[in-house]
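Secondary and tertiary structure notes
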Amino acid sequence: MNALRDNKYWITFFAAISIAFFVLGFYGREVYRQAPPIPKAIVVADGTVLATEDDILTGQESWQSTGGQQLGSIWGHGAYQAPDWTADWLHREAVALLDVWAVREHGRRFDDLDAGAQGALKQRLVIEMRTNTYDPATGTVTISAERAEAIARTAAHFDALFGGAPELQQLREDYAMKEVTVPDAKRRAALVDFFFWTSWAASTQRPDSKVTYTNNWPHEPLVDNRPSGANVLWSLVSVFLLLAAIGALVWWKAFRPEEEKDPEPPARDPFGEIAPTASMKAVAKYVGTVVLLLVVQVILGVITAHYTVEGQGFYGLPLGEWLPYSLTRTWHIQAGMFWIATAFLAAGLFVAPIVGGREPKFQRLGVNVLFGALLVVVGGSFVGQYLAIHQVLPLGLSFWLGHQGYEYVDLGRGWQVALWVGLLLWLVLMLRALWPALQRKDGSRSLVLMFTGASAAIGLIYGAGFFFGARTHMSVMEYWRWWIVHLWVEGFFEVFATAAISLLFVRLGLIEERTAGRAVIVSSTLYLFAGIPGTFHHLYWSGTPTAILAVGATFSALEVVPLVLVGWEAWRTSRLQQAAPWMVRYRWPVRFFVGVAFWNLVGAGLFGFLINPPIALYYMQGLNTTPVHAHAALFGVYGLLSLGLVLVVARRLSGFVAWRERYLAWGFWGMNVGLGLMIVLSLLPIGLAQTWASVETGLWYARSAEFLQLPIMEVARWLRLVGDTVFLGGVACFAWFMLGLWTGWSYEPVASPEPRGSVVPAPAA
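Overview of the structure. Note that the structure is predicted; figures quoted are calculated from it, not measured. (Residues numbered from 1 in each chain as written. Predicted model: local features only at pLDDT ≥ 70, side-chain atom pairs only at ≥ 80, totals over all residues. Heavy atoms only, no water.)

1. Some details on the pattern of salt bridges
In total, this model carries 20 salt bridges according to the counting rule given. When the shortest N-O distance is used, the salt bridge between Glu-661 and Arg-587 registers 2.4 Å. Highlighted residues: Glu-661 in the loop between α22 (625-653) and α23 (662-696) and Arg-587 in helix α20 (residues 587-611), separated in sequence by 74 residues. Overall, the relative accessible area of 30% leaves Arg-587 in the partly exposed class. When the shortest N-O distance is used, the salt bridge between Arg-720 and Asp-724 registers 3.3 Å. (Salt bridge = Lys/Arg side-chain N within 4 Å of Asp/Glu carboxyl O. Helix = DSSP H or I, 4+ residues; strand = E, 2+ residues; numbered from the N terminus. Buried < 20%, exposed > 50% of the residue type's maximum accessible area, 1.4 Å probe, protein only.)

2. As for the packing of helix α3 (residues 85-106) against helix α4 (residues 115-130)
Direction vectors running N to C along α3 and α4 enclose 125 degrees, while the axes themselves pass 10 Å from each other. Judged by the inter-axis angle, α3 sits oblique to α4. For the crossing formed where α3 meets α4, the hand is right-handed. Residues Leu-90, Glu-93, Ala-94, Leu-97, Leu-98, Trp-101, Ala-102, Glu-105 and His-106 of α3 form the contact with α4, whose own contacting residues are Ala-117, Leu-121, Lys-122, Arg-124, Leu-125, Glu-128 and Met-129. (Axes fitted to C-alpha atoms, helices over the stretch in contact; angles between N-to-C directions. Parallel < 35°, antiparallel > 145°, perpendicular 65-115°, else oblique. Left-handed = near helix turned anticlockwise from the far one by under 90°. Contact = heavy atoms within 4.5 Å.)

3. Describing the sheet that holds strand β2 (residues 49-52)
If you trace the 4 strands from one edge of the open sheet to the other, you get β2-β1-β6-β5, paired in mixed fashion. Of all the strands in the sheet, the pair left with one neighbour each is β2 and β5 (134-135). The pairing of β5 with strand β6 (residues 140-143) spans 2 bridges and is classified as antiparallel. Looking at β6, one finds that Tyr-134 is bridged to Val-141. (Pairing = 2+ DSSP bridges.)

4. So, the nonpolar core
Among soluble globular proteins, nonpolar side chains are generally buried collectively. Ranked by internal contacts, the top residues of the largest apolar core, which has 216 residues, are Trp-85, Phe-162, Phe-195, Trp-488, Phe-734 and Met-738. When sequence neighbours within four positions are dropped, the list of residues in contact with Trp-85 reads Trp-63, Leu-71, Gly-72, Ser-73, Ile-74, Phe-158, Leu-161, Phe-162, Tyr-175, Met-177 and Phe-195. Membership of the second largest hydrophobic core comes to 16 residues, among which are Leu-97, Ala-117, Met-129 and Ala-150. (Core = buried A, V, L, I, M, F, W, Y, C linked by side-chain atoms within 4.5 Å.)

5. Notes on helix α11 (residues 325-356)
In a regular helix each residue adds 1.5 Å, so 32 residues correspond to 46 Å; α11 covers 46 Å between its end C-alpha atoms and thus fits that length. Within α11, 32 of the 32 residues are buried, leaving the element largely enclosed by the surrounding structure. The first or second residue beyond α11 is Gly-357, which carries a positive phi of 85 degrees. (Expected span 1.5 Å × (residues − 1).)

6. Things to note about unusual backbone geometry
The amide bond that connects Trp-217 to the next residue, Pro-218, takes the cis arrangement and shows omega of 0 degrees. Despite not being glycine, Ala-176 shows a phi value in the positive range, around 60 degrees. Phi is positive for Asp-208, which is not a glycine, with a value near 60 degrees. By relative accessible area, Asp-208 is classed as exposed at 86%.

7. Digging into the packing of aromatic side chains
As enumerated under the stated definition, the model contains 55 aromatic pairs in all. Seen in terms of ring centroids, Trp-582 and Tyr-586 are 6.4 Å apart; in terms of plane orientation they differ by 90 degrees. Their pairing is edge-to-face. As far as the burial class goes, Trp-582 and Tyr-586 line up, both buried. The ring of Phe-371 carries the charged tip of Lys-285 above its face, separated from the ring centre by 5.8 Å. Here Arg-591 stacks its cationic end above the ring of Trp-588, 4.5 Å away from the centre of that ring. (Phe/Tyr/Trp six-rings, centres within 6.5 Å; stacked < 30°, edge-to-face > 60°. Lys NZ or Arg CZ within 6 Å of the ring centre and 35° of its normal.)

8. Details of the packing of helix α5 (residues 145-163) against helix α7 (residues 185-203)
Two measures define how a pair of helices packs: the angle their axes make with one another and the distance between the axes. The geometry of α5 relative to α7 is characterised by a closest axis approach of 9 Å and an angle of 130 degrees between their N-to-C directions. In this view, α5 runs oblique relative to α7, as classed from their interaxial angle. Here α5 and α7 pass one another in a crossing that is right-handed. Residues Arg-147, Ile-151, Ala-155, Phe-158, Asp-159, Phe-162 and Gly-163 of α5 form the contact with α7, whose own contacting residues are Arg-188, Leu-191, Val-192, Phe-195, Phe-196, Trp-200 and Ser-203. Residues belonging to the contact of α5 with α7 are distributed by class as follows: 9 nonpolar, 2 polar and 3 charged. (Nonpolar A, V, L, I, M, F, W, Y, C, P; charged D, E, K, R; others polar.)

Next comes the structure, spelled out in structure tokens:
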């Protein structure tokens, strides 16, 4: 009977993810089919060629080499200090074209004309900018001579900005740019062609449509870029679906049959019966690397945040010339991805022999080889990014060994391939250790299968990043990039972590194994069914059709539904601290897991849904409301989860010696309170102020130096120092405690009388 009930859970799970991936793939095909065309040539009415397809794609490569999305943003994706180059170009070109017409026809600048003359030119501007002159037969876009002049004026501004013109020094400081970001004149010329094309797609209507290729994004009243009817409709639908799904979930939770009760905890710590194997001990170096990369990431974060107030310096030191904002932000994000991923890899390698019940032959060697490979990838990618952003590498080599230019997938393609090979090696090590458990048909089978499946997904789905290249269309690139950022990190890492924690609690005898297995299947079904197609909420304005907006809005609303249960999950997890006297050893890992539940609700749930509905994201994309969600979800959920898993590993490797937990407690509260202060005092107020500016004036203004350098905005950026200081102190305390586990100062002088374990997982024959 129990087996039959498990089969029902599995059927539901596979049906859900099959439907979800079908939706993701079907509409992914539409991304390819309906991406904005890259013209073979942009020509003036008299036949003059302004730019070619090759110029635009070379400009894309040039943009990647500067750090790409780590220096400003394109279509709203990227950094928040410099402008969104699409919105900035669009506004500057529109203003320049109005001035060209005003001077030629009225002998005065546009701002000096009366309201009637201005209104007439504005109407003409809307027609000029929104009319689609792309000819599919020839692959050309034709523009007027007046618009060509406006483009030339706009291009001159960007060429001077990236080329180091002295008159724009203050603007570069406000944008936190290097003085000479792109020294090569040919690269700069191609760069401005690329910027123009992204703006053209954002202001040109699709054939037989009233919306632009980017669904009327960004908000720019001059060219009549405003929210479409579909935007408003699907925003309302998403809110309705969210409320309906939450009601259904509460109803199901209230009236479903009573769950099986948790078993009576054992009298002694079950981990005490298992002595660490050679490969489990080898995982200790991964733990140290996690802590080291965490410290490096936080220091880089402090420098990056300071650039938002001082631009090119760090308390007077001209640090920006050596370590510019685009580089420190790249390293900051990449270090975070590396230490979180390393923690998950370490947890898997540590837990797998426990679950499998044996130590495979040469497992320790494999763990050490994988560690060496990870160090090479981390060090090599950091060096490559430095060389790329300093414009040392040729464009083609820059993408492969330097900087891909895309946020969260920054490391050069060669290093990305090496990382994927490392993940496949990790998957092999995991499967070898888990194989005995996979052959057993006992109550833990469902849980072991979910853990194994999530491990396989982590190893394989990272390969989605290979489906785009340096010259791949931006819309297509964004589709595959979010497979990694949303599916790999936010999707299957979540399933892996849920299964790993459940396995730990089952092994400790605190949760009944069959109940835990079913719970993991149900939660994963709910999360992945919504989360897989919910990937599209990142692609509303990335040159995708309206169907993407509809699918992304509906499914991303459902992503919040599983988070409704996190309060109950947090209570249930915290209760395990008192399940048995020996659980005192694991109280801090459990508290980190409780913190994960809190930030899952607040960071992923509340702050995520704040920006997810299309009407909200239309005005908020690319503003500081996004890092509110990113910081709270990435560190609050995956960061704390990783540190909790690391503490479980450290707890078992340190035996039964009692910990001195004062610094660990300070670290936990410092990181959580600091993160909250960072959001409440700085990021959220800035983001909401930018939203107001975006609604009232336009996105270009919300991201402009003119707005961000207002005194009140500077104060808000300085206030981040409060949260950053508390957070940095928390990280320092945590690192000090972890260092003390190696040196000995984090242990109490008297060990627990409970004997150490003597049962070791058997090595392979």
